[in-house]
Amino acid sequence: MMANGLLQNRRMARDLVEFLDADKPNTLDVNEWNDVIVRNLNLKSVPGMGQFDIDGLESSQQEGLLRFSSQVLGAATAIVLILAACSFTVVMD
């Protein structure tokens, strides 16, 4: 159904994934079962099922939000590293 592109409802796709999670065979561990689900279901073809899909945002807005959050995360990491280096040099003196 998903492989043919017939399932286009995000809610139904999530419900299907939840059902399959609950119906995991006892012979497989969680990671193996997850690999089977991901390999056999094309969840990316369902609109809104992408990792960064946010309700109410167009794809261009999502890209801008992702780019902005990446820049903020990069700046915060740089600040933390600089502060850690400064405090390390003060302790070493």
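Quick summary incoming for the structure in this document. Keep in mind the model is a prediction, meaning the values are calculated, not measured.

### What about a nonpolar patch on the surface?
Part 1 of the reasoning: The grouping of Leu65, Phe68 and Val72 at the surface amounts to a nonpolar patch, some 280 Å² of accessible area in total.
Part 2 of the reasoning: Relative to the helices and strands, Phe68 resides in helix α3 (residues 59–92).

### Details of helix α1 (residues 10–22)
Part 1 of the reasoning: Its 13 residues place the ends of α1 18 Å apart at the C-alpha level, agreeing with the 18 Å of an ideal helix rising 1.5 Å per residue.
Part 2 of the reasoning: Along α1, the residues that are buried comprise Ala13, Val17 and Leu20. Axial view of α1: buried residues confined to an arc of 65°, hence all on one face. Opposite the buried face of α1, by more than 90 degrees, sit the exposed residues Arg11, Glu18, Phe19 and Ala22.
Part 3 of the reasoning: Elements that come into contact with the buried residues of α1 comprise α2 (30–40).
Part 4 of the reasoning: Put simply, Asn9 is the residue that caps the front of α1, since its side-chain oxygen is 2.9 Å from the backbone nitrogen of Arg11.

Cut-offs used in this document
- In this numbering scheme, every chain counts its residues from 1 along its sequence in written order.
- Predicted model: local features are reported for residues with pLDDT of at least 70 only, side-chain atom pairs are reported and counted for 80 or more only, and whole-chain, interface and lining totals are derived from all residues.
- Excluding hydrogens and water, the side-chain values take into account all heavy atoms of the structure.
- Candidate patch residues must exceed 30% relative accessible area and have no salt bridge, after which like charges are joined if within 9 Å and Val, Leu, Ile, Met, Phe, Trp or Tyr side chains if within 5 Å.
- Calculation of accessible area relied on Shrake-Rupley with a 1.4 Å probe; when residues are assessed, cover is drawn exclusively from the protein chains displayed.
- By convention in these notes, a salt bridge is any Lys or Arg side-chain nitrogen within 4 Å of a carboxyl oxygen on Asp or Glu.
- Only runs of H or I of at least four residues qualify as helices and only runs of E of at least two qualify as strands under DSSP, and these elements are numbered from the N terminus.
- Expected helix span is given by 1.5 Å per residue-to-residue step, counting one fewer step than there are residues.
- For every residue, the accessible area (1.4 Å probe, protein chains only) is compared with the maximum for its type, and the residue is labelled buried under 20%, exposed over 50%, or partly exposed between those bounds.
- The arc refers to the directions leading from the helix axis to the C-beta atoms.
- Contact criterion: two residues are considered in contact whenever any of their non-hydrogen atoms come within 4.5 Å of each other.
- Contacts described as polar in this section are N or O atom pairs within 3.5 Å, which, within protein, must combine one atom able to donate a hydrogen with one able to accept it, while residues neighboring in sequence count only if both atoms come from side chains.

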